[in-house]
Amino acid sequence: MSGHLVFAQQDSVRVTEENVSSNIKLAYNSSIVYPGLKAGIELPFRKRIINKTKKLGKERHLFKERLFSTNLGWYHHSTFHNNLYITAGFTMRRNNQKGLFTEFSPELGYSRTFLGGTTYQVNENGNVSIKKMAGYNYALVSLGVGLGYDFSVSKSKPIAIYSKINMLTMFPYNSTIYIRPTVELGIIYKPKNFLKFNSKTKHIHKDKSQL
Amino acid sequence: MKHFTFIIILSAVLCSCQKEQIEIGTDVSETFYVENQGASMRVLVEGNTASKTILLFVHGGPGSSAYFYNTDYISNHIEDKYAVAYWDQRNAGASQGNNNADNFNLPTMTEDLEKVIQVLRYRYGNDVSIFLLAHSFGGILSTSFMTKNNNQDLINGWIICSASHHYPLNDELTRDALTNYANQEIASGNHLSQWQEILNYCNSLPSGMLTLEQANKLNSYATDAETYFSEVEPFPMMDIIKANAIKQSYAITSTFLNLKYSQNADIQEELRKYDFSDQLPMVSTPVLTLYGQYDFICPPALGNDISDMVSSDETFDYILPNSGHIGMYQDQELFCLRVNEFIEQFK
């Protein structure tokens, strides 16, 4: 007979629904030295609050959020292009009890670039003209990973700050793709009454203390 | 009303850098784009536009970028006298577009070059003197341009630096040069294993036209071969990128992805079928050829072939003694001297 102990835990799950307010994001959206801005709205649609009671009675809390987000971004790369883009996607955010959070956000979008210089066209007769608003339309996929601190968790202030690295992929770009890394440094404001949304919250309690 | 104002302001911001600005001066730096058949190609003009003389780089690749030629040395020794136009060809460097694979071919690129020259004349005056400076793949592109209609009348001189005008001939000359140097270096006991490998590969190749795969492998041996000579300074691509990437607003990922795409595009196969030998005699414009002594990618004999074939009375051939394939960097002093002499004579 081996000496293995078989552990079990007592879990409880409770689901609630409530109207929660959306968040507003504003960020500096830099690509190395090229400046930009990003603004967006996050609509929380699912939340899991996990309370873990450890064997010695110590408690640990974390919560995972799923947010639908929509963003308007812009960056300026001098002499190359200005890029104005909109995206929509999901943000998966995981907060610990101190307020630190990490997030991952896949998004889809549309990009319109504006070339970084006067654009000329030459017709068959050799006449040169200037093309206004020259640029291209691209489909866009963005993947981002971020790290932040949510002041509403421990300090009850309705803001969070974060930094995030995004990888923008635009296509079709010269019959291939264009990849552009960007870094966001931003603030999330969590007003009490803004675009309220019906959100499900799952409360999970995992208790190992009575084993 | 608020939304309307916002849209007006946003449009003004986005379009502000598309406003036409043409500067005539001795230390100019300005960028514009030329759009043709699905591509918007970036052109950087730097230096002395008041000179009414422009040196237009026709870069290699296809799929490289003209920005790599914009070194401090060229800025200080050519741009002080003349303007230099760094043109990123379609599907190269910072040039942009959507699905444009169907237009990525030599005839369209020749048309691109015609249009770039027309725009340079539009911006800086019809009386401006333009010199083409072709490097590597730019050789076949500029040959296509020079031998089409009356295009050569648009320029004052044709400079060919380590460039190829005929790919099958290029392969043959590369194989000959590698074989000769391999025998010489093996006899001298230098880089024995490397040269023996090169010699074995050259000997294994069939006579006649090579396949693209064979030509690419030969090209990779040719790239390595120049590094076996202490006279040749390695081309510090990364140092140039580090020094200039931000200063010159490189589009780094665009340049890299365009290059990756171009290396595998259909144009690579297409280029092997062109032979402009019959048309070269129609070139009567002054010609300057500059080839690296240790350039195995485009051996100096290619320059002799061009000089022999054109009908111009003004041909000048020089060997850059410490150069491999990037003569404008590896022998920058002599390169600038010869280019300046040529421009001064024929501008």
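Here the structure is a predicted model, which means the values were calculated and not measured. (Residues numbered from 1 in each chain as written. Chains lettered and ligands numbered in written order. Predicted model: local features only at pLDDT ≥ 70, side-chain atom pairs only at ≥ 80, totals over all residues.)

## Comments concerning the overall build of chain A
A tally of helices and strands in chain A yields 1 helix and 12 strands. The N-to-C order of helical and strand elements in chain A reads β-β-β-β-β-β-β-β-β-α-β-β-β. Computed over the C-alpha atoms, the radius of gyration of chain A is 23 Å, more than 25% above the 17 Å expected from 2.2 N^0.38 for a compact globule of 211 residues. For chain A, the spread of C-alpha atoms along the three principal axes comes to 90 × 50 × 30 Å. Every one of the 211 residues in chain A was classed for burial, and the buried ones make up 34%. (Helix = DSSP H or I, 4+ residues; strand = E, 2+ residues; numbered from the N terminus. Rg over C-alpha atoms; globule rule 2.2 N^0.38 Å. Buried ≥ 20, exposed ≤ 12 C-beta atoms within 10 Å, placed from the backbone.)

## Let's talk about the overall build of chain B
Within chain B one finds 13 helices and 8 strands. Expressed along its principal axes, the backbone C-alpha trace of chain B runs to roughly 80 × 45 × 35 Å. For chain B, buried positions account for 49% of its 347 residues.

## Quick word on the packing of helix α3 (residues 106-124) of chain B against helix α4 (residues 138-146) of chain B
Residue and element names in this part refer to chain B. Two elements in contact, α3 and α4, have axes whose closest approach is 9 Å; the angle formed by their N-to-C orientations is 70°. On the basis of the axis angle, α3 is roughly perpendicular to α4. Of the residues in α4, those in contact with Leu106, Met109, Thr110, Leu113 and Glu114 of α3 are Leu141, Ser144 and Phe145. Taken together, the residues of the contact of α3 with α4 sort by class into 5 nonpolar, 2 polar and 1 charged. (Axes fitted to C-alpha atoms, helices over the stretch in contact; angles between N-to-C directions. Parallel < 35°, antiparallel > 145°, perpendicular 65-115°, else oblique. Contact = placed C-beta atoms within 7 Å. Nonpolar A, V, L, I, M, F, W, Y, C, P; charged D, E, K, R; others polar.)

## Structural notes on the interface of chain B and chain A
Across the boundary between the two partners, chain B contributes 32 residues, which contact 33 residues of chain A. Sorting the residues of the side of chain B that touches chain A by element identifies α1 (2-16), β1 (28-36), α3 and α9 (252-263) of chain B as the ones contributing at least two each. Strand direction decides the pairing type here: strand β7 (residues 118-122) of chain A and β1(B), joined by 4 bridges, are parallel. Bridge assignment links Gln121(A) to a residue of β1(B), and that residue is Glu35(B). (Pairing = 2+ DSSP bridges.)

## Digging into helix α11 (residues 301-309) of chain B
Restricting attention to buried positions, one finds in α11(B) the residues Leu302(B), Gly303(B), Ile306(B) and Met309(B). When α11(B) is viewed along its axis, its buried side chains cluster within an angular range of 135° and face the same direction. (Arc of directions from axis to C-beta.)

## Some thoughts on the nonpolar core
Of all hydrophobic cores here, the largest spans 93 residues; its most connected members are Val43(B), Leu56(B), Phe57(B), Ala85(B), Leu133(B) and Ile159(B). When residues of this core are assigned to their parent elements, the largest contribution, 7 residues, is made by α3(B). Here this core gathers at least three residues from each of two domains, domain 1 (19-166 + 238-346) and domain 2 (168-234) of chain B. Here Val43(B) is in contact with Thr31(B), Phe32(B), Tyr33(B), Val34(B), Ala85(B), Trp87(B) and Val116(B), once residues within four sequence places are set aside. Counting 9 residues, the second-largest nonpolar core is a separate cluster that includes Leu84(A), Tyr138(A), Met170(A) and Tyr178(A). (Core = buried A, V, L, I, M, F, W, Y, C linked by C-beta atoms within 7 Å. Domains from an automatic or database assignment.)

## Description of the confidence of the model for chain A
Looking at chain A as a whole, its pLDDT mean stands at 91, while 94% of the residues score no less than 70. Counted against residues more than four places away or in other chains, residues 1-7 of chain A, with its pLDDT under 50, gives 1 contact. (pLDDT = per-residue confidence, 0-100.)

## Focus: the domain arrangement of chain B
Residue and element names in this part refer to chain B. The domain boundaries assigned to chain B delineate domain 1 (19-166 + 238-346) and domain 2 (168-234). The C-alpha-based centres of domain 1 and domain 2 are spaced at 26 Å. The interface of domain 1 with domain 2 comprises 19 residues on the first partner and 17 residues on the second. Residue assignment for the side of domain 1 that touches domain 2 shows that the elements contributing at least two residues are α10 (267-270) and α11. A total of 3 residues in the side of domain 1 that touches domain 2 trace back to one element, the largest contributor, which is α11. Residues belonging to the side of domain 1 that touches domain 2 are distributed by class as follows: 7 nonpolar, 8 polar and 4 charged.

## Focus: the sheet that holds strand β8 (residues 315-320) of chain B
Across the sheet, 10 strands lie side by side as β8(A)-β7(A)-β1(B)-β2(B)-β4(B)-β3(B)-β5(B)-β6(B)-β7(B)-β8(B); this open sheet has mixed pairing. At either end of the open sheet lies a strand with only one pairing partner, and these are β8 (128-131) of chain A together with β8 of chain B. Within this sheet the neighbouring strands show an average axis-to-axis angle of 25°, counted without direction. Across the sheet, α3(B) is in contact with β7 and β8 of chain A together with β1, β2 (39-47), β3 (53-58), β4 (83-87) and β5 (129-136) of chain B; its angle to β1(B) comes to roughly 135°. Lying on the sheet, α11(B) is in contact with β6 (157-163), β7 (287-292) and β8 of chain B; it crosses β7(B) at an angle near 165°.

## Things to note about the packing of helix α5 (residues 167-188) of chain B against helix α7 (residues 212-225) of chain B
When two helices pack together, their arrangement is given by the angle between their axes and by how far apart the axes lie. All names here are of chain B. Contact geometry of α5 with α7 gives a least axis separation of 10 Å together with a crossing angle of 45°. Relative to α7, the element α5 is oriented oblique. Regarding α5 and α7, the two cross each other, and that crossing is left-handed. Here Asp171, Thr174, Arg175, Leu178 and Tyr181 of α5 come into contact with α7, specifically with Ala215, Leu218, Tyr221, Ala222 and Ala225. Residue composition of the contact of α5 with α7, by class: 7 nonpolar, 1 polar and 2 charged. (Left-handed = near helix turned anticlockwise from the far one by under 90°.)

## Focus on the pairing of β8(B)
Residue and element names in this part refer to chain B. Summarising the sheet, β7 and β8 pair through 6 bridges and their orientation is parallel. Counterpart to tyrosine 291 in the pairing with β8 is isoleucine 319. Of the crossover connections in this fold, the one passing from β7 over α11 to the parallel β8 is right-handed. (Right-handed = clockwise from strand over helix to strand, strands pointing away.)

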